[in-house]
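# Fold and geometry: a report
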Amino acid sequence: MRKITTTTKLTGVIGANVAKSKSPDMMNAAFERLGLDYYFIPVNVAEPDFADVLGGIAKMNFAGLSVTLPYKIEVLKYLDDIDPLAEVIGAVNAVSIRDGKIKGFNTDGEGFVTGLEVDKNLVVSDHTFVIVGAGGVARAITAVLASRQARHIYVTNRTFAKAQELADSVNTGIFPCCSAVPFDDSLRQVIAASSVLINATNVGMSPADDQCPICPSFLNKDLTLVADVIYSPLQTRFLEAAQQLGCDIMNGQSQLYHQGKIAFKIWTGVEAPAEVMAAAIYDNV
Ligand code: NAP
């Protein structure tokens, strides 16, 4: 049994419902492997209590937190400092805590894009992407793809104005490679002119796992890769349709794993033990 003391550096995930998070298993296995006196806990917080809980945590022996729904934007109000990428994205999903000061980062996009590069050997600048969604994760992925100089990124979203705003902010703030496209039948042609298709919405997530973010008939066999940010279920209807066509697919576990490694380094200053973290994510389904 691990001994937790007043000098143990605490870390954790804070959100409205983190009961099913895989992060405690992944992070605690990694701390233990490296013999680091760190411990990771899941923290459920109701919305009216978020500011009080975060303020208390900043005064305790915490080294950092993962921040998840619905607090990725709310947390911006309480930061002392913010990483430039997180500032452009406009959302924070990891914070470091040093001497009571909270600094915000966004690891969603870097985690997802590292998955494309490392797990799928994809060179971002060689590809044209379609991102379905314009919420927090879509913003983060689009920003990081643009920072790697993607050939082009088409952003589509049920609420078109959000896709337009995302494309505009990435074009002016990072690299001019984005356009917003309507969320209608014209998407079929846009996908036909692209090589990587990404679902960055929550459509298809358990328990509504019979849903698909776009009409499956818009997919085609010539796509180099079809990816989903969802990892529950591991194989969404969207990925199932892509696999049936013979496309290579990537589910959201990859993002979870790579962003976990980035957060580990932010909190501890050392490289994460890759195999231990991978085993906690991939073997524990
Ligand atoms: P969010 O900010 O709430 O954005 C949700 C997006 O989904 C918006 O673009 C929204 O469109 C769209 N959407 C929702 N319902 C829809 C519907 N019925 N039809 C069409 N579009 C719909 O959420 P988020 O933080 O970006 O999270 C998105 C997903 O990422 C979640 O499933 C989450 O579990 C997953 N995620 C994965 C990881 C990982 O490590 N793999 C990490 C974080 C999050 P509107 O703008 O029109 O509302």
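None of these values were measured; they are calculated from a predicted model. Sequence order sets the numbering: in each chain, residues are counted from 1 along the sequence as written. With pLDDT at 70 or above as the cut-off, local features in this predicted model cover only qualifying residues; side-chain atom pairs require 80 or more to be listed or tallied, and sums for whole chains, interfaces and linings still use all residues. Side-chain measures here rest on the full set of heavy atoms in the structure, leaving out hydrogens and waters.

With glycine set apart, most residues show a phi of negative sign, and most peptide bonds adopt trans. Following Leu69, the chain continues into Pro70 via a peptide bond in cis, with omega recorded as 5°. Strands are runs of DSSP state E lasting at least 2 residues, helices are runs of H or I lasting at least 4, and numbering of each runs from the N terminus. Position of Pro70 among the secondary structure elements: in the loop between β3 (62-67) and β4 (81-82). For the peptide bond that leads from Ser206 to Pro207, omega is 10°, which places it in the cis range. Within the fold, Pro207 resides in the loop between β10 (196-199) and β11 (225-228). Of note in this structure, Asn121 is not a glycine but carries a positive phi near 50°. Its location among the elements puts Asn121 in the loop between α4 (108-120) and β7 (128-132). When accessible area is computed with a 1.4 Å probe and restricted to protein chains, residues below 20% of their type maximum are described as buried, those above 50% as exposed, and intermediate ones as partly exposed. Of the residues examined, Asn121 reaches a relative accessible area of 64% and is grouped as exposed.

This part takes up the sheet that holds β3. Between any two strands, at least two bridges found by DSSP are needed for them to pair. Strand order in this open sheet of six strands is β2-β1-β3-β5-β6-β4, and the pairing throughout is mixed. Because the sheet does not close on itself, it has two edges, and the strands there are β2 (38-44) and β4. Each of β1 (9-15), β2, β3, β5 (94-98) and β6 (101-105) is contacted by helix α9 (residues 253-268), which is oriented at about 10° to β5, the strand it contacts most. Throughout, a residue-residue contact means that at least one pair of heavy atoms, one from each residue, lies within 4.5 Å. Only C-alpha atoms enter the line fits that serve as axes; for helices the fit covers just the stretch in contact. Angles between N-to-C directions range over 0 to 180 degrees.

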